[in-house]
Amino acid sequence: MLSLTLKTRTTLPLELSELRPDKLRELSHSEIEKIFVVRGREKLPLAEVFTVKGDCWDEQIEFSGDLSSGRGIGTGMTNGRIRVAGHAGNYVGLGMFAGEIEITSNAGQYLGAEMRGGLIRVAGSAGDYAGGAQPGSTRGMTGGTIVVKGDAGNFVGTRMRRGLIAARGNVGSYAGYKMLAGTIVVGGSCGAHVGASMNRGTLWIGQAIKNLLPTFSYACTSRPAVLGMIARELSSLGFDTAGFDALHEWRQYSGDLTATGRGEIFVPMT
Amino acid sequence: MSEPINNVACAACGLVCENITVRIEKGKIVAAENACSLCTKKLIGQSADNSSSATVGNAIERAADILTKSKSPLIYGLVGSDIATQRAAIALADHLGATIDPALPPHHRAAIEAFQSVGISTCTLGEVKHRADLVVFWGCDPDNSHPELYKRFLEPLGEYITKRRIFAIGTQRPTGCIDEFIQLTSEDQHTFISSLRAIVASREIDSTDKHIQSLAEQLKAASYSAMFFGKEMNGVPELEALFQLVRQLNAYTRSVVMGLGGTQIENVLTWQTGYPFAANFALGYPRYCPHTFSANHLLEHEQADAVVLIGSEGLEYLSASAKKQLEKMPIILLDDVSQEYDLKPTVSIPTAVAGIHCSGTVFRMDGVPLRLPAIFDSELPTAADVLSAIQQGVLASCV
């Protein structure tokens, strides 16, 4: 396993997108130490910023230290495992294809944005645009799973096309904004404008929604069998699925009528 | 009193009025005809101001030294700046590996993001004047932000219309002449526009708001509707919804939308880098993120360690914590000497103002490029010259 411990805490932007398990696998310890990372506008050898231990032959990297100013950990990774012991910064798992990222603290904005596969687990909270699209992009995540044990920010799953996002806590406004397909599970409450402009896709919200947009309409009340399957999958990933079972009755709303109107929002019967 | 100077142009707001006449007495502007309150504030008291140009050389050296030592510089401001200044600022950002973020009002930034996402159906102000028989103001008060809008483009009915109705939607009724007003909180804007879009598309929704139904009918019945949005419309989803509403209306009639902002200071950055604001050059090529590369984010999170402020306007768009952070770092300020500001810049370089001390070209808020002729023959250096000199200074210190 490759262990990277931040030598000195920095607030300057730290570009970490080159540090991928699949890229570093073939490199020796000394070669890894010479890889350049960008801090602010400076190009520095990795060993100057991090204490480097071991190598990456087993495709495993562990980051330690406060990387809240970091950017792009696990960008485009195709295999392996990354563990971040601390805050992970913005753009973690951007466009990743496969593999696993575990974050023991919080993640910043654009967590798993445009990811195509793999798994991201966050023990703390996630910032805005988790699983969403980058500015100007037409699609957010198109596969994979994001599990957040705490809260998530605004615009969760913006323009997502496929995949699963689960947040045990509350999420901010515009959850599922312009969603194309996929599933979002929220254990707590949602901010305003949930599902705005969604085309398709499903949102499971654990608590009643205060102001559902008038462009959503009540469809039916049911005990959806698919929820049991989603809950089993999330349970296996360590997500607390209390309240998410097919034995409960759920009210289904359809919308958004400003788009195709084929999206679904489920809230439990009170 | 000296001879009047005609056809002076003013870039105090996005309208860039070119019909101003100024009078100069003892080297200072003492009167401005056809000028609005914003223009009067900008022009009256201005002079050629050749006094401080002698100390510029030392200041440039010091600025170059600060930027050479900086590990994450930020270039901010550019409000009302001309094309040459913007070019020079981008060249400096590129050379330094800095982040450049023009100081755009929040609704202007949101509009650019919405435009990138869903496109926009827009036009020039001349077209509004001559064709729009229905005007809707969303969350703005043009009499305050653009005092000449009514006089120049709305009160004269133009060639192709005999009547113009004006609606306003927002938290407060605008001060100008309005035929109908719909009061709405900022939080309700998205819900209102979504309902309007559904009704325009003949979808059945549960809304019982009679205003929405009536507005939808009038928008569809108009020959040409023009919508202006302002500072209350500062969310990307609200503006995307508004732009999509306008697109929908074009299936029935002609409809356009336009932001009531300042001059378009994002154009040069867009054509040079592909990105309109919040562009970072740290990796040797431009990258864009309206959130993580914004001046607000960089300052709030202490991710910048030196700032080049091109003009002191636009600081009001920074958050309180960003402003607080700004006070802790070296600031290189390029500004008109007549400006008063609370900042204590490390280096202050007086520069010429386009349209007063030097000529320049700016983009009006509808994208029309207009020339700002100089009023004075001033010896003050232009901001473009100073930025280029700083870049040369940084280059020299790298040798």
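Structure: above.
Residues numbered from 1 in each chain as written. Chains lettered and ligands numbered in written order. Predicted model: local features only at pLDDT ≥ 70, side-chain atom pairs only at ≥ 80, totals over all residues. Heavy atoms only, no water.

Q: Any chance you could break down the pattern of salt bridges for me, citing the residues and the numbers?
A: A full pass over the atoms with the stated rule returns 21 salt bridges over all chains. Note that A:Glu15 is salt-bridged to B:Arg287, the shortest N-O span being 2.6 Å. One end of the pair, A:Glu15, is in strand 2 (residues 14–15); the other, B:Arg287, is in strand 12 (residues 287–288), on a second chain. Both residues of the pair, A:Glu15 and B:Arg287, count as buried. Between B:Asp366 and B:Arg364 there is a salt bridge whose closest N-O contact spans 2.7 Å. The pair B:Asp366 / B:Arg364 is uniform in exposure class, with both members buried. When salt bridges with common partners are traced through the structure, they connect A:Glu62, A:Arg81, A:Arg83 and A:Glu102 into a single cluster. (Salt bridge = Lys/Arg side-chain N within 4 Å of Asp/Glu carboxyl O. Helix = DSSP H or I, 4+ residues; strand = E, 2+ residues; numbered from the N terminus. Buried < 20%, exposed > 50% of the residue type's maximum accessible area, 1.4 Å probe, protein only.)

Q: Give a detailed account of the sheet that holds strand 1 (residues 5–8) of chain B, specifying residues and quantitative values.
A: All names here are of chain B. Strand order across the open sheet formed by three strands is 1-2-3, with antiparallel pairing between neighbours. Every other strand in the sheet has two partners, leaving strand 1 and strand 3 (28–33) as the edge strands with one partner each. Averaged over all pairs of adjacent strands, the angle between their axes in this sheet comes to 35°, without regard to strand direction. With five bridges connecting them, strand 2 (residues 20–25) and strand 3 associate as antiparallel partners. Bridge pairing in strand 3 links Thr21 to Glu33. (Pairing = 2+ DSSP bridges. Axes fitted to C-alpha atoms, helices over the stretch in contact; angles between N-to-C directions.)

Q: Give a description of helix 8 (residues 189–200) of chain B that names residues and reports values.
A: Residues and elements named next belong to chain B. End to end, helix 8 covers 16 Å across twelve residues, agreeing with the expected 16 Å (1.5 Å per residue, within 8%). For helix 8, the buried fraction is high: eleven of the twelve residues fall into the buried class. Turning to helix 8, its buried residues are Gln189, His190, Phe192, Ile193, Ser194, Ser195, Leu196, Arg197, Ala198, Ile199 and Val200. Elements that come into contact with the buried residues of helix 8 comprise strand 6 (134–138), strand 7 (165–170), strand 8 (180–183), helix 9 (210–221) and helix 10 (236–249). Of the residues flanking the end of helix 8, it is Ser202, one or two places downstream, whose phi is positive at about 60°. (Expected span 1.5 Å × (residues − 1). Contact = heavy atoms within 4.5 Å.)

Q: Give me the lowdown on empty space enclosed by the protein, citing residues and values where you can.
A: Enumeration according to the criterion identifies five cavities of 30 Å³ or more in this entry. Looking at the largest cavity, its volume works out to about 200 Å³. Contributing to the lining of the largest cavity are 18 residues, with A:Pro135, A:Arg159, B:Glu113, B:Val236 and B:Glu240 lying nearest its centre. At the level of secondary structure, the elements contributing two or more residues to the lining of the largest cavity comprise helix 4 (106–118) and helix 10 of chain B. Classifying every residue of the lining of the largest cavity gives eight nonpolar, seven polar and three charged. (1 Å grid on protein atoms, 1.4 Å probe; cavity = no way out; pocket = protein on both sides within 12 Å on 5 of 7 lines; lining within 4 Å. Points joined across faces, edges and corners; volume = space filled by probe spheres on them. Nonpolar A, V, L, I, M, F, W, Y, C, P; charged D, E, K, R; others polar.)

Q: Give a description of the state of the cysteines that names residues and reports values.
A: Evaluated as defined, the whole model comprises zero disulfides over all chains. Considering cysteine sulfurs only, A:Cys190 is the nearest to A:Cys220, which forms no disulfide, with 19 Å between them. We classify A:Cys220 as partly exposed; its relative accessible area is 30%. Its sulfur unpaired, B:Cys123 is 15 Å from the next cysteine sulfur, which belongs to B:Cys140. (Disulfide = S-S within 2.5 Å.)

Q: An account of the interface of chain B and chain A is needed here, citing residue identities and associated values.
A: Contact with chain B, which involves 39 residues of that partner, is made by 33 residues of chain A. Where chain B touches chain A, the interface holds three salt bridges. Residues B:Glu240 and A:Arg159 are paired through a salt bridge, measuring 3.6 Å at the closest nitrogen-oxygen approach. Run the count over chain B and chain A and you get 15 residue pairs in polar contact (both at pLDDT 80 or more). Among the elements that take part in the side of chain B that touches chain A, helix 8 of chain B stands out by supplying six residues, more than any other. (Polar contact = N/O pair within 3.5 Å; in protein donor to acceptor, adjacent residues only side chain to side chain.)

Q: Could you give an account of the nonpolar core, with specific residues and numbers?
A: Counting 111 residues, the largest nonpolar core has A:Phe50, A:Phe63, A:Ile103, A:Leu111, B:Ile100 and B:Ile390 as the members making the most contacts within it. Those residues in contact with A:Leu111 that lie beyond four places of it in its chain are A:Val92, A:Ile103, A:Ile120, A:Val122, A:Ala126, A:Tyr129, A:Ala130, A:Gly131, A:Ile146 and A:Val148. Grouped together as the second largest cluster of nonpolar side chains are 39 residues, B:Cys10, B:Cys36, B:Leu149 and B:Tyr150 included. (Core = buried A, V, L, I, M, F, W, Y, C linked by side-chain atoms within 4.5 Å.)

Q: Provide a residue-level description of the environment of A:Gly93, including the pertinent values.
A: Residues and elements named next belong to chain A. With respect to the secondary-structure elements, Gly93 resides in the loop between strand 8 (81–85) and strand 9 (100–103). C-alpha separation for the pair Gly93 and Gly72, spaced 21 residues apart in sequence, amounts to 6.6 Å. Among all residues touching Gly93, those that are not within four sequence positions of it are Ile73, Gly74, Ile101, Gly112, Ala113, Met115 and Ile120.

Q: Outline the sheet that holds strand 7 (residues 70–71) of chain A, supporting the account with residue identities and numerical values.
A: The four strands lie next to each other as 4-3-2-7 (chain A), forming an open sheet whose pairing is mixed. Each end of this open sheet is capped by a strand with a single partner; those strands are strand 4 (42–45) and strand 7 of chain A.

Q: Before we move on, could you go through the packing of helix 8 of chain B against helix 10 of chain B and cite the residues and values that matter?
A: Residue and element names in this part refer to chain B. Running from N to C, helix 8 and helix 10 cross one another at 20°; their axes reach a closest spacing of 9 Å. Classified by the angle between their axes, helix 8 and helix 10 sit roughly parallel to one another. Between helix 8 and helix 10 lies a crossing whose hand is left-handed. Mapping the contact onto sequence places Gln189, His190, Ile193, Leu196, Arg197 and Val200 in helix 8 and Pro237, Glu238, Ala241, Leu242, Gln244, Leu245, Gln248 and Leu249 in helix 10. (Parallel < 35°, antiparallel > 145°, perpendicular 65-115°, else oblique. Left-handed = near helix turned anticlockwise from the far one by under 90°.)

Q: I'd love a proper account of the layout of surface pockets, names of residues and values included.
A: For the second largest pocket, the calculated volume is near 670 Å³. Lining the second largest pocket we find 28 residues, and of these A:Tyr129, B:Glu113, B:Asn234, B:Val236 and B:His291 sit closest to its centre. Listing elements by their share of the lining of the second largest pocket, those giving two or more residues are helix 4, helix 10 and helix 12 (295–300) of chain B. Per-element accounting of the lining of the second largest pocket gives the leading share, four residues, to helix 4 of chain B. Looking at the lining of the second largest pocket residue by residue, the class counts come to 14 nonpolar, nine polar and five charged.

Q: So, the pairing of strand 9 of chain A: which residues are in play, and what are the values?
A: Taken residue by residue, a regular strand's side chains alternate between the two faces of the sheet. Residue and element names in this part refer to chain A. Pairing of strand 8 with strand 9, which is carried by four bridges, proceeds in the parallel orientation. When the sheet's bridge partners are listed, Arg83 is paired in strand 9 with Glu102. As defined by bridge partners, strand 9 adjoins strand 10 (residues 119–122) across four bridges and the pair is classed as parallel. Looking at strand 10, one finds that Glu100 is bridged to Leu119.

Q: Tell me what's going on with unusual backbone geometry, and back it up with residues and numbers.
A: Residues and elements named next belong to chain A. Along the chain, Gly255 connects to Asp256 via a cis peptide bond; the corresponding omega equals -5°. One non-glycine residue, Tyr91, lies in positive phi territory at about 55°. Structurally, Tyr91 is set in the loop between strand 8 and strand 9. Residue Tyr91 is classed as buried on the basis of its relative accessible area, which comes to 1%. A positive phi angle is found at Lys178, which is not glycine, with a value near 55°. Mapped onto the elements, Lys178 comes out in the loop between strand 12 (162–167) and strand 13 (183–186). In this structure Lys178 comes out as buried when scored by relative accessible area, which is 9%.

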